[in-house]
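Inside the fold
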Amino acid sequence: MTQPPPGYPEYPEYPEYPEQSAQAPQPQVPPQYPTQAAQSPVPPQYPQQQPTSPAYPQNPYAYPQAPQAPQASAPIPPQYPQTPPQAPLTPPAQAAASAPAPAAHPAPAPAPADDPDHPNHINTDARRVHIASQQRHTDATAVGNLLLYLPNFLCSLAVVGLFSAFFGKLAFLVILLWLASGALVFHRPTESALARRLLHLRYPTPQERAKIEPVWREVTARGGVEGRNYELWVEDSDGLNAVAAAGHIVGVTRFALNELPNGELAAVMAHELGHHVGGHAWSGLLGYWYALPGRMAWRVLKALSVVAFHVSRAFGCFGVAFVVMIVGGLAFATISTLYGLPLLILGVPYALAAVGRRAELRADEHAAALGFAPMLASVLDKLHQGEQREQAVQTAKNGGVPVEESALSKLLSSHPDYHTRLHHLQQYLQPQRPY
C-alpha cells in the first residue's frame, strides 16, 4: 500500500492557493519544469534575467502544465553565442540588411586560349586541300598604291640620275641597276634579311611552330593557297599585331601566338594572307623601295638648310635673307622645271594613308569570306579595348583632360577605326538565310 506523501509546512506570509498553481509564471521569473525539480533543487538561471523572488516548491499533486513562452514585454532578447555582435547600422544600411541576400552566382572564368571548348576554337585536323589556279592577284588598292608612289619614284629617278653623273659613261648602267633592284623584293634571302633587320622578326621555336603551322594550314586550305610558299615569323612583342611584308613574309607577335585562341589567330593570319593575295604587301614595299633615294635626298637637303639657317643668323638679317632667297630660288626652279610635279609630294602621304585604310578593309573582307568573321570581330574588340586603355592612361597623364586626336593625324592613320571595320563585317556576321 502506497504511503501518503508527507505534508508541507504552511507559510503564513505567502499563502499558496491551489487554483493559482496552474497559472503562467511572471515574465521576470523563469518557468519551472517538473522534471528539472526532481533532478536539481536549483532551477536553471538565464544570464539576461535575474529572479526577483525566491523559488517556491511545487505541489506534486498539481496537474503539470506546459510551459508558456515569455511575453513580448521581455526587456532583453536572448543572445546566441554563435552570432557575433554587430555594429549599429544607419537607416539605409538597415533597409539593405533586412532584404534577403541574393544567391551568389560567381561568373564563370573565361576558357583558356588552348581550350577546345572555347567558342573561337576551330578544328585544324589535316584534310584534303584544293589549290586554286590563281594564287594571287593585284586589286585596285595595290594599283592605286603604285600610282601614288609615282611622284616619289620620279624624284628618286632624278636623284639617281644626278648621282650616276659621277660615273661618266657608266651612268646609264647605274640607272638600270637601280631599276632592276626592285626585283629583290621577291628574293628569299633578301626577304629574310629584311625580316630580321627592319621588321625585327625571328623564326618560330619548335613549340611555336607546332601551334602556328596547323593554324596556317587551315587558313591556306580554306583560301586554296599553297601555304608552303610563305614563311612564318614571330615578333617578340607583348602587343596584338601581325605583319605581311614583301612577297612571302607572314609574321605574328608572341602575344597573338600564345594568348589568342586558334580561331582568332587564324583570323589574324587570314587577314595577312589577304594582303598577300591582293598584292598589298609587295606593292607597298616596292613603292617604298623606289621612293627611298628621293627621301634620303630630302633629308640631306633639310639638314643642310637648317645648318645654313643657323650659320646665317651670325651675319644678322642680311645673312638670313640671303639663305632664304637661295633656297626659295632653287625650289621655284625645280617646281617650274618639273611642271609643278614636286608639289604633289605634299599630298602623297595623305593619299597613301587613305589607300592603306582601304587595303585593311579588303584584307578584313578576305578573312571574313574564309569563315573567320566572328573571330576577326573578337580580335577587333580586343584591339579597341587596348586603345581605350591607352587613351585612359594618356588622359590620366594630362590631368584628367581627354587627349583629342587632331584631324591631320586621323588623315595620316594607316588603319581604319574600330567602328568602320566592324561595320564592313556586318554582312558576314549576319546569319545566312537558307534558299
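The shown structure was predicted, so the numbers you read here are calculated from the model rather than taken from an experiment.

1. As for the confidence of the model for the protein
With 70% of its residues at a pLDDT of 70 or more, the protein has an overall mean of 78. Throughout residues 16–25 the model reports pLDDT below 50, and contacts reaching past four residues in sequence, or to other chains, amount to six contacts.

2. Quick word on the side chain of Thr124
Locating Thr124 in the fold gives a position in the loop between helix H2 (91–98) and helix H3 (140–148). Discounting chain neighbours no more than four positions away, the residues touching Thr124 are Pro214, Val215, Arg217, Glu218 and Asn262.

3. Topic: the packing of aromatic side chains
Per the counting criterion, the structure on display carries seven aromatic pairs. Ring centres of Trp178 and Tyr290 lie 5.3 Å apart, and the angle between their planes is 80°; on these two criteria the pair is classed as edge-to-face. Placement of Trp178 in helix H5 (residues 171–180) and of Tyr290 in helix H10 (residues 280–312) is noted, with a sequence separation of 112 residues between them. Here the aromatic rings of Tyr203 and Trp233 are separated by 4.2 Å at their centres, their planes lie at 20°, and the arrangement is stacked.

4. Points about the nonpolar core
Among the nonpolar cores identified, the biggest contains 37 residues, and Trp216, Met269, Leu273 and Phe372 are the most heavily contacted of them. For this core, the secondary-structure elements that each account for two or more residues are helix H7 (206–223), strand E1 (231–235), strand E3 (249–253), helix H8 (254–259), helix H9 (262–277), helix H12 (348–397) and helix H14 (418–424). With 10 residues, the top contributor of residues to this core is H12. Judged by nonpolar contacts, the second largest core, of 15 residues, contains Val185, Ile249, Leu285 and Tyr290.

Rules used in this analysis
- Residues numbered from 1 in each chain as written.
- Predicted model: local features only at pLDDT ≥ 70, side-chain atom pairs only at ≥ 80, totals over all residues.
- Heavy atoms only, no water.
- pLDDT = per-residue confidence, 0-100.
- Contact = heavy atoms within 4.5 Å.
- Helix = DSSP H or I, 4+ residues; strand = E, 2+ residues; numbered from the N terminus.
- Phe/Tyr/Trp six-rings, centres within 6.5 Å; stacked < 30°, edge-to-face > 60°.
- Core = buried A, V, L, I, M, F, W, Y, C linked by side-chain atoms within 4.5 Å.
- Buried < 20%, exposed > 50% of the residue type's maximum accessible area, 1.4 Å probe, protein only.

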